[in-house]
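Remarks on the overall topology
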Amino acid sequence: PGSFDPVTCGHVDIIKRALKLTDHLIVAVANNYEKSPMFTLKERVKILKQATKGLKGVSVDSFDGLAVDYVKAKGARVMIRGLRMISDFEYEFQMALTNRKLSPDVETIFMTPSEEYSYISSKLIKEAASLGADISSFVPVFVQKAVKEKLNKNKSSRRYFNNYE
Ligand code: ADP
């Protein structure tokens, strides 16, 4: 589960690694009302479907509310999250323990990406793109295009810089 706003090469790396552990992986996009996403839920799902096309055993879906409730509703037992840096650890640890309390039957597994992706975040690539950076080594090519289009559409791109979570 995640925001995937938008999907990056780091996410795709984790998805591919997770497929070594399971033959069916659901990549679930959270409809997170607290954040101000660059892409709508529908757009994020569409982009993720494109990014995971050709990966056997992957389906893309979205959910409202608690991730653990979604996991149970799907008859799944495990949630996979990526751990990039120590900075992710505190939040992810807190989240995993909260989820365990809410739903003792659901386990969280953490996976680390290849080191070349370990510093990439959706937030950073949006900020970099809004300031004119070339983000082609961080995201699939169609994501780069989608970000560019979105920024052009919303000329006041500084807004993203201030609002993104
Ligand atoms: P959320 O808002 O739920 O954190 P994100 O889309 O930012 O959603 O992240 C979803 C999951 O993907 C999280 O577990 C996050 O740590 C992981 N993730 C994000 N970027 C990377 C990356 N570059 N490498 C590995 N995992 C990542």
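Anyway, here's the lowdown on the structure attached to this text. (Residues numbered from 1 in each chain as written. Predicted model: local features only at pLDDT ≥ 70, side-chain atom pairs only at ≥ 80, totals over all residues. Heavy atoms only, no water.)

Topic: the overall build of the chain
Regarding its fold elements, the chain presents 7 helices and 4 strands. Shown N-terminal to C-terminal, the secondary structure of the chain runs as helices and strands in the order α-β-α-β-α-β-α-β-α-α-α. On C-alpha atoms alone, the chain measures out to a radius of gyration of 16 Å, which is about the 15 Å that the 2.2 N^0.38 rule sets for 165 residues. Burial analysis of the chain (165 residues in total) assigns 42% to the buried set. When contacts within the chain are restricted to residue pairs at least 6 apart in sequence, those whose partners lie at least 24 apart make up 72%. When the accessible area of the chain is evaluated, it comes to approximately 10000 Å², of which 53% is carbon and sulfur surface. (Helix = DSSP H or I, 4+ residues; strand = E, 2+ residues; numbered from the N terminus. Rg over C-alpha atoms; globule rule 2.2 N^0.38 Å. Buried < 20%, exposed > 50% of the residue type's maximum accessible area, 1.4 Å probe, protein only. Contact = heavy atoms within 4.5 Å. Areas by Shrake-Rupley, 256 points an atom, 1.4 Å probe, with all protein chains shown as cover.)

A closer look at the nonpolar core
By size, the foremost hydrophobic cluster in this structure holds 31 residues, and its most contacted members are V7, V27, L48 and V147. Elements with a contribution of two residues or more to this core: α1 (9-18), β1 (25-30), α2 (41-51), β2 (58-63), α5 (122-130) and α6 (141-153). Discounting residues that sit within four places of it in the chain, V7 has contacts with V12, I47, L48, A51, V139, P140 and V143. Residues Y70, V71, M79 and V106 belong to the second largest nonpolar core, which totals 9 residues. (Core = buried A, V, L, I, M, F, W, Y, C linked by side-chain atoms within 4.5 Å.)

Overview of the site of the ligand
Around the ligand sit 16 residues in total, of which S3, F4, K35, G82 and I120 are the nearest. One of the side-chain N or O atoms of S3 is found 2.6 Å from an oxygen atom in the ligand. Separating an oxygen atom of the ligand from a side-chain N or O atom of H11 is a distance of 3.0 Å. In the complex, 88% of the free accessible area of the ligand, which totals 550 Å², lies under the protein chains. Residue contributions to the shell around the ligand peak at 3 residues, all from α1. The residue makeup of the shell around the ligand, split by class, is 6 nonpolar, 5 polar and 5 charged. (Near = heavy atom within 4 Å. Polar contact = N/O pair within 3.5 Å; in protein donor to acceptor, adjacent residues only side chain to side chain. Nonpolar A, V, L, I, M, F, W, Y, C, P; charged D, E, K, R; others polar.)

As for the environment of A96
Summarising the element assignment, A96 is placed in helix α4 (residues 86-102). Overall, the relative accessible area of 15% leaves A96 in the buried class. Separated by 58 residues in sequence, A96 and M38 place their C-alpha atoms 26 Å apart. Ignoring anything within four residues of it in the chain, the contact list for A96 reads T108 and F110.

As for the packing of α2 against α6
Between α2 and α6, the shortest axis-to-axis distance is 10 Å and the interhelical angle comes to 155 degrees. If you check the angle between α2 and α6, you find them roughly antiparallel. Across from E43, I47, Q50 and A51 in α2, the residues of α6 making contact are F142, V143, A146 and K150. Looking at the contact of α2 with α6 residue by residue, the class counts come to 5 nonpolar, 1 polar and 2 charged. (Axes fitted to C-alpha atoms, helices over the stretch in contact; angles between N-to-C directions. Parallel < 35°, antiparallel > 145°, perpendicular 65-115°, else oblique.)

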